[in-house]
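Spelled out, the chains give:
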Amino acid sequence: MSTFKHWRSGTAGLMALGITVGAVAPMTVPAPSFAQVSAFADVPANYWATPFITELASRNIIAGFPDNSFRPEEPVTRAQFAAMVSRAFPRAGQRPAVQFTDVPSNFWGAAAIQQAYTTGFLAGYPGNRFEPNQNIPREQVLVSLANGLNYTATSDVNSVLGQFYADANAISGYARAPIAAATERRIVVNYPNVQFLNPTRTATRADVAAFIYQALASAGQVAAVNSPYIVGQAQQPTAPTTVTIPSGTSLPVRY
């Protein structure tokens, strides 16, 4: 019974990434239906990441689960992120493939991991490991996007980080320069407080959708979104409210 539950959970995860399951199971798994605007039952119109999620879903970069949910607060593993980033940025490899010792050839995300590695978005750990089931931290997602898109900071790294993040000191050493570059490109989205990066916190599905969307926007592939949670974005000014006072109205004045 536990084996069946484990397989069913794994299948739902694959469907959520838009990955078909052909030969790994003796039954046909229907392809996921990608969402249009407001199609996910658990992503209401006023949810902070709705603009990012719905647009990526319409482009088949991310998908929901069979129950019409997106589960935006669920954590993202390194293998799942590899699948998402490979769909968002399909391109030719820039370095030879490598066989990670912990990613067998029949692993569901093996092809996506190789794609993310050869294109420069992700790398392995010492010992030729990839750690595919490890939850990915927010800072690692941003490093991946900055490195994969060849972004470098144009200003002093510490100055950029100190200007925008109240928790800049919590950013790991390896991540500081790439995150500064990502910040300059308006890739970083911080919810609920735009001043706190929370770099070592596990990235959620909503976080990753927002980061990938902003990376696409920085490359001119999608329209810009106006959100109070995008770091460094100048917000659209609110139009002043005009009030018409009827002629002859008495206004109390206090001196």
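Just above, that's the structure.
Keep in mind that this is a model prediction, so the values were computed, not measured.

**So, the environment of R78**
- Note on placement: R78 falls in helix α3 (residues 78-88).
- The exposure class assigned to R78 is buried, which follows from its relative accessible area of 2%.
- R78 sits 56 residues away from Q134 along the chain, and the two C-alpha atoms are 5.9 Å apart.

**Overview of the packing of α3 against helix α8 (residues 205-218)**
- At their nearest, the axes of α3 and α8 sit 11 Å apart, and the two run at 25° to each other. By the angle between their directions, the pair α3 and α8 is classed as roughly parallel. In this structure, α3 meets α8 at a crossing whose hand is right-handed. Each of F81, M84, V85 and A88 in α3 lies in contact with α8, whose residues at this interface are R205, V208, I212 and L216.

**Quick look at the nonpolar core**
- Counting residues in hydrophobic clusters, the biggest one holds 66 residues, and the most contacted among them are I53, F81, F89 and L145.
- Looking at this core, the elements with two or more residues in it are α2 (50-58), α3, α4 (110-118), α5 (138-148), α6 (157-164), α7 (173-184) and α8.
- Counting residues per element, this core draws most heavily on α8, at 9 residues.
- Sequence-distant contacts of I53, defined by excluding residues within four places in its chain, comprise F40, V43, Y47, I62, F70, P72, A206 and A209.

Reading the values: rules and limits
- Residues numbered from 1 in each chain as written.
- Predicted model: local features only at pLDDT ≥ 70, side-chain atom pairs only at ≥ 80, totals over all residues.
- Heavy atoms only, no water.
- Helix = DSSP H or I, 4+ residues; strand = E, 2+ residues; numbered from the N terminus.
- Buried < 20%, exposed > 50% of the residue type's maximum accessible area, 1.4 Å probe, protein only.
- Axes fitted to C-alpha atoms, helices over the stretch in contact; angles between N-to-C directions.
- Parallel < 35°, antiparallel > 145°, perpendicular 65-115°, else oblique.
- Left-handed = near helix turned anticlockwise from the far one by under 90°.
- Contact = heavy atoms within 4.5 Å.
- Core = buried A, V, L, I, M, F, W, Y, C linked by side-chain atoms within 4.5 Å.

So yeah, pure geometry; function would need other evidence.
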